[in-house]
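These are the residues of each chain, in order.
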Amino acid sequence: QVHVLESGGGLVQAGDSLRLSCAASGRSFGDYAMAWFRQVLGKDREFVATISGIDGSTDSADSVRGRFTISRDNAKSTLYLQMSSLKPDDTAVYYCAASTYRSRSRRQGRYSYWGQGTQVTVSS
């Protein structure tokens, strides 16, 4: 069983930066794709960013590209999401997800393990 636990959310002002962390356990962390998704209350959960377990390549949603950076520290079994130039529209619960595949994907169905989420609130 794989467990993932997010941390680092909070209340910030527009234009601020914030870093989310996701600690993973239960298997060889570096071998599998990981991702961040987010969800606003009453809306569908949406893709934010993903990182490959093959070569560390990344992909991110158009809405966050250039502002958010996904990265991983395999030695610490930890996934990160560095968020900068935050906007009120970034307000959401952010979820860390672990795949059973090595290749990255934007599809939620490729991710079998999910954290409980961490709230990010950006005030204007």
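Above this note sits the structure.
Here is a short report on the structure shown in this document. Since the model is a prediction, treat every value here as computed from it, not as a measurement.

**Overview of the overall build of the protein**
Counting secondary structure elements, the protein contains 0 helices and 11 strands. When the helices and strands of the protein are listed from N to C terminus, the series reads β-β-β-β-β-β-β-β-β-β-β. The C-alpha atoms of the protein give a radius of gyration of 13 Å, which matches the 14 Å a tight globule of 124 residues would have. When the 124 residues of the protein are sorted by exposure, 43% land in the buried category. Once local pairs closer than 6 in sequence are excluded, the contacts in the protein between residues at least 24 apart make up 60%. With 15 positive and 11 negative side-chain charges, the protein shows a separation of 4 Å between the mean positions of the two kinds.

**Quick word on the side chain of arginine 67**
By the element assignment, arginine 67 lies in the loop between strand E6 (58–60) and strand E7 (68–73). There is a polar contact of 2.8 Å between the side chain of arginine 67 and the side chain of aspartate 90. Setting aside chain neighbours within four positions, we find arginine 67 in contact with Gln82, Met83, Ser84, Ser85, Leu86, Lys87 and Asp90.

**Focus on the pairing of strand E11 (residues 118–123)**
On E11, burial follows the alternation: Thr118, Val120 and Val122 on one face are buried, whereas Gln119, Thr121 and Ser123 on the facing-out side are not. With 4 bridges connecting them, strand E2 (residues 10–13) and E11 associate as parallel partners. Across the sheet, the residue bridging to glutamine 13 is serine 123, located in E11. Taken together, the 3 bridges between strand E9 (residues 92–99) and E11 define a ladder with antiparallel strand orientation. Within the sheet, the bridge partner assigned to valine 93 lies in E11 and is glutamine 119.

Rules used throughout
Residues numbered from 1 in each chain as written. Predicted model: local features only at pLDDT ≥ 70, side-chain atom pairs only at ≥ 80, totals over all residues. Heavy atoms only, no water. Helix = DSSP H or I, 4+ residues; strand = E, 2+ residues; numbered from the N terminus. Rg over C-alpha atoms; globule rule 2.2 N^0.38 Å. Buried < 20%, exposed > 50% of the residue type's maximum accessible area, 1.4 Å probe, protein only. Contact = heavy atoms within 4.5 Å. Lys, Arg positive; Asp, Glu negative; His and termini not counted. Charge placed at Lys NZ, Arg CZ, Asp CG, Glu CD. Polar contact = N/O pair within 3.5 Å; in protein donor to acceptor, adjacent residues only side chain to side chain. Pairing = 2+ DSSP bridges.

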